[in-house]
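# Geometric and topological summary
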Amino acid sequence: MTSLPHPSRQAAFSQRRNSLRGHIFAPGDKSISHRALILASLAAGESRINGLLESGDVLATLEAIRKLGATVRADGTAEYRVTGTSGQFSHPATDLDFGNSGTGARLMMGAVAGAGANARFIGDASLSSRPMARITDPLSRMGARCETGTGRLPVVLTAASLIGIDETPLIASAQVKSAILLAGLGAQGETIVRENRLTRDHTETMLKLFGAEIRVIASSPGRVVHLPGPQTLTACDIVVPGDPSSAAFASVAALIIPDSDITLRNVMTNPARFGLYAVLKRMGADLLVTPTGHAAGEAIADIRVQSGALEAIDLEPDIAATMIDEYPVLAVACAFANGTSRLRGLAELRAKESDRLAATCALLSANGVSVRIDEDDLIIEGGKVPGGGHVATHEDHRIAMSALVMGLASNEAVTIDDINMIATSYPGFIADMTALGAVIEVGA
Ligand code: S3P
């Protein structure tokens, strides 16, 4: 079986009309939704997941765990019930198709390697162009049998016995760390991951909720995770918190559209995900973060955002892992800020759903912003944004949403070549933005 054909493209445009007002609930977090399904599929017993993000990426992971032997029931309410496999996946009859989702493909490679199934991983054109050796190399060192002709999809895993490893990943990537830890659940002996730069720690937090024995030790300059294996997880009930990466779009829109005043409810504030909001505050943004509790072991808050002048920023590279998905929309904020911004150390953006560094630069440039790439840095001259551009999204949902946010505040409308990819991470984007007063026309 080959990957599903690309759904037909549909153009759209956004234009300046109203200020944004009111409140929305942030959609379920994508990273947490993937992990809830994956850990539930490995656990013994039935897990109940509420608030799962029903996006293309997450539904691809859901389909994959079904093929691997987990039972998933959805009763039409927001609740999914997953009966796990006690760490023993069955061999899927057909390819595991992860569509556009790097997180799904990469985390599931770790889970499949640890749970001993033979499986072929495929994805769409964007995912098939992204590097997979960063996952298959450490898995191979654990004893996994991985075939990948080009270091990209398709990847074939064949069941093999694994042993724990002591690994220091060269890139700051939660996907790499998570794949190694998930494989470690099925390995003999201890798996150790040493992180020099902190990345999102949802896998570690959720493994504890599913009863795993795992130790996380702070070490300068990062953190060391110890996971003894083999071990079997125990089912757990999860309520998925709201996604700060999705909330970022309405947040930036409210900052740059005059007279806006919105509240985003139920947003996860894990510091490893909250870099954008800290940066926007440094730029002078009027943000009020009111903690409201916890979900899935993660802190959540309501965030009130009011429009106002932003100042340019010179942003250090060390913060990148805490806001890696937010650079396109931060670049939009910088385009409206006073002065020249420099966003440093963005090499990893080249390995996202598109070459996001180039795509972000092109997005701004097409709309009359003076912008350039200097090695791994993005330099943006802020001020008034003419707009009027036609933006190529390169099958990248975050480029699409960032461009539409720009069009809500620029002089002329901004058009994108495809709105459909947005459903990979934020199917309710248009509805939420419209509820706040934005004008986005689909099918232009
Ligand atoms: C994710 C990790 C990040 C991020 C992706 C989700 C995760 O990727 O870009 O959208 O859920 O672990 P990297 O780990 O490759 O930086």
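An account of the accompanying structure is given in this report. Source: prediction; values computed, not measured.

## Re the sheet that holds strand β6 (residues 96-97)
Here 4 strands make up an open sheet; going across it, the order is β6-β7-β9-β8 and the pairing mixed. The open sheet is flanked by β6 and β8 (145-147), the only strands paired with a single partner. Of the pairings in the sheet, the one linking strand β7 (residues 119-122) to strand β9 (residues 155-158) comprises 3 bridges and is antiparallel in character. Following the sheet pairing, Phe121 is matched in β9 by Val155.

## A look at the pattern of salt bridges
Pairing of side chains with opposite charge becomes possible as their charged atoms draw close. Applying the stated criterion to the full structure yields 32 salt bridges. With a shortest N-O distance of 3.0 Å, Arg81 and Glu46 are connected by a salt bridge. You can see Arg81 sitting in strand β5 (residues 79-83) and its partner Glu46 sitting in strand β3 (residues 46-50), a full 35 residues away along the chain. Given a relative accessible area of 29%, Arg81 falls into the partly exposed group. Residues Arg120 and Asp95 are paired through a salt bridge, measuring 2.7 Å at the closest nitrogen-oxygen approach. A residue pair is termed long-range when its members are at least 10 positions apart, and Arg120 in strand β7 and Asp95 in the loop between β5 and β6 qualify at 25 residues. Through salt bridges with shared partners, one network takes in Arg130, Arg200, Asp325, Glu353, Arg356, Asp396 and Arg398.

## Here's the deal with the sheet that holds strand β10 (residues 166-167)
Spatially, 4 strands are ordered β10-β11-β13-β12 in an open sheet, and the strand pairing comes out mixed. At either margin of the open sheet sits one strand with a lone partner, and together these are β10 and β12 (215-219). Note that β10 and strand β11 (residues 189-195) share 2 bridges and pair parallel. Following the sheet pairing, Asp166 is matched in β11 by Ile192. Against the sheet, helix α6 (residues 174-184) touches β10, β11 and β13 (222-229), its axis set at about 170 degrees to β11.

Analysis parameters
Residues numbered from 1 in each chain as written. Predicted model: local features only at pLDDT ≥ 70, side-chain atom pairs only at ≥ 80, totals over all residues. Heavy atoms only, no water. Pairing = 2+ DSSP bridges. Helix = DSSP H or I, 4+ residues; strand = E, 2+ residues; numbered from the N terminus. Salt bridge = Lys/Arg side-chain N within 4 Å of Asp/Glu carboxyl O. Buried < 20%, exposed > 50% of the residue type's maximum accessible area, 1.4 Å probe, protein only. Contact = heavy atoms within 4.5 Å. Axes fitted to C-alpha atoms, helices over the stretch in contact; angles between N-to-C directions.

These results come straight from atomic positions and should not be treated as a statement about function.
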